[in-house]
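# Close look at the chain arrangement
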Amino acid sequence: MLGSGRFTHKQDYSMGLHCHEEGQFFMLLRGTAVYITDVGEWLMTPQHPCWVPPKTAHGVRSRGDIEGIVILASEEVCVELPKEVSIIKTNPLIDALLDKMSSCANESEQLYRLWAVLKDEIVNAEYDDLHLPVPQDERLRELTQLMVENPADSRSLEQWAATVNLAQRTLIRKFRAETGMSLVAWRQRARVIQAIKLLNSGTSVTDVAMSVGYDSLSAFISVFKQIIGVSPAQYLQGSTAADAS
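The following refers to the structure shown. (Residues numbered from 1 in each chain as written. Predicted model: local features only at pLDDT ≥ 70, side-chain atom pairs only at ≥ 80, totals over all residues. Heavy atoms only, no water.)

## Brief notes about the pattern of salt bridges
A side chain with one charge can pair with a side chain of the opposite charge if their charged atoms come near. Inspection of the entire model under this criterion finds 13 salt bridges. Among the ionic pairs, Arg30 bridges to Glu67, the shortest N-O distance being 3.4 Å. One end of the pair, Arg30, is in strand S3 (residues 23-30); the other, Glu67, is in strand S8 (residues 66-73), and 37 residues separate them in sequence. According to the relative accessible area criterion, Arg30 is partly exposed, its value standing at 34%. Each of Asp137, Arg139, Lys174 and Glu178 takes part in a single network of salt bridges with overlapping partners. (Salt bridge = Lys/Arg side-chain N within 4 Å of Asp/Glu carboxyl O. Helix = DSSP H or I, 4+ residues; strand = E, 2+ residues; numbered from the N terminus. Buried < 20%, exposed > 50% of the residue type's maximum accessible area, 1.4 Å probe, protein only.)

Here's what the structure looks like:
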């Protein structure tokens, strides 16, 4: 089975964990969305489409209007693709393929030919770090949820440890063991993910920096560039170019 189509969701949208027999490749044309699995969260933007393998439990939530393109592919036609949820960086060829595929009839020969090219692009694409691994320990999950809900929370490591009733050294060791990241790096990434949502909603860079917990605009820009690869202003220029194309 191979199909394609466009979708639109008005205002906030949320769907709990579920799975499909087919793999799904999503490209947003407008807005942002977060894909959720039992091991993490992935941010999808118009520059960062998302691959969800077949039979992978996932949920989604978005704020504001979103519009995009989805490709549905049965398991036998996507065996070469990643076995985990993946965010990639798009390119003009991927954009053109998805636009063309969205107007093709399901199961058509043309759609299968385009899919073969798209698969090659996905396999060879540059992958992105817009991913928040979720720890298994319930206390650490509580901590990460608090950070996501309020990225401006400036509690120290000692204070976070006390919040979840763990010794500071134990918190540091367990968090890295379960996520592969330090708590500080995880919080930075969570802040940048929230910042991208705000930037895409039209919030100014200065207001975004304050909203996600940075007193210094230069510090926010530095962390944003470190994680995303470009400054907030350059990111917004890319978003504008994508919207206009």
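Here the narrative resumes.
## Overview of the sheet that holds strand S1 (residues 2-9)
The strand order across the open sheet formed by 5 strands is S1-S8-S3-S6-S9, and the pairing between neighbours is antiparallel. Strands at the two margins of the open sheet, each flanked by one partner only, are S1 and strand S9 (86-87). Of the pairings in the sheet, the one linking S1 to S8 comprises 8 bridges and is antiparallel in character. Note that in S8 the partner of Ser4 across the bridge is Ile71. The sheet strands contacting helix H1 (residues 92-101) are S1, S3 and S8, and the helix crosses S3 at an angle near 105°. Sheet strands in contact with helix H2 (residues 109-124) are S1, S3, strand S6 (50-52) and S8, and its direction is about 75° off that of S1. (Pairing = 2+ DSSP bridges. Contact = heavy atoms within 4.5 Å. Axes fitted to C-alpha atoms, helices over the stretch in contact; angles between N-to-C directions.)

## Thoughts on the packing of aromatic side chains
The tally for this structure, following the rule as stated, stands at 6 aromatic pairs. Summarising the aromatic geometry, the rings of Phe7 and Phe26 are spaced 5.9 Å apart at their centres and angled 75° between planes, so their arrangement reads as edge-to-face. Highlighted residues: Phe7 in strand S1 and Phe26 in strand S3, separated in sequence by 19 residues. The same class applies to Phe7 as to Phe26, namely buried. Ring geometry for Tyr214 and Phe220: centres 5.7 Å apart, planes at 50°, overall tilted. Among the aromatic residues, those joined into a cluster by ring pairs are Tyr214, Phe220, Phe224 and Tyr235. Just above the ring of Trp160 sits the side chain of Arg155; from NZ or CZ to the centre is 4.1 Å. We note Arg191 situated over the ring of Tyr214; from NZ or CZ to the ring centre the distance is 5.2 Å. (Phe/Tyr/Trp six-rings, centres within 6.5 Å; stacked < 30°, edge-to-face > 60°. Lys NZ or Arg CZ within 6 Å of the ring centre and 35° of its normal.)

## A closer look at unusual backbone geometry
A positive phi is found at Lys55, a non-glycine position, where the angle reads about 60°. You can see Lys55 is positioned in the loop between S6 and strand S7 (58-62). Residue Lys55 is classed as partly exposed on the basis of its relative accessible area of 46%. Positive phi outside glycine occurs at Asn165, with the angle close to 60°.

## Remarks on the sheet that holds strand S5 (residues 40-44)
Pairing in this open sheet of 5 strands is antiparallel, and the strands run S2-S7-S4-S5-S10 from one edge to the other. What marks the edges here is a single partner per strand, and that holds for strand S2 (13-18) and strand S10 (131-133). Ignoring strand direction, the axes of neighbouring strands in this sheet form an average angle of 15°. As defined by bridge partners, strand S4 (residues 33-37) adjoins S7 across 4 bridges and the pair is classed as antiparallel. Looking across to S7, one finds that Ala33 is bridged to Ser62. Together, S4, S5 and S10 form the strand contacts of helix H6 (residues 183-200), whose direction differs from that of S10 by roughly 140°.

## Concerning the nonpolar core
Among the nonpolar cores identified, the biggest contains 34 residues, and Leu143, Leu171, Ile196, Phe220, Phe224 and Ile228 are the most heavily contacted of them. Listed by contribution, the elements that provide at least two residues to this core are S4, helix H3 (138-149), helix H4 (157-163), helix H5 (168-179), H6, helix H7 (205-211) and helix H8 (217-228). For this core, the element with the most residues is H6, which contributes 9 residues. Once residues lying within four places of it in the same chain are set aside, the contact partners of Ile228 are Lys89, Leu130, Val192, Ile196 and Tyr235. Listed in part, the 22 residues of the second largest apolar core include Val77, Leu81, Leu98 and Cys104. (Core = buried A, V, L, I, M, F, W, Y, C linked by side-chain atoms within 4.5 Å.)

## Side note on the environment of Glu178
Considering the arrangement of structural elements, one finds Glu178 in helix H5. Each C-alpha atom, one on Glu178 and one on Val39, is 9.9 Å from the other, the two residues being 139 residues apart in sequence. Excluding its chain neighbours within four sequence positions, the residues that come into contact with Glu178 are Pro135, Gln136, Asp137 and Leu140.

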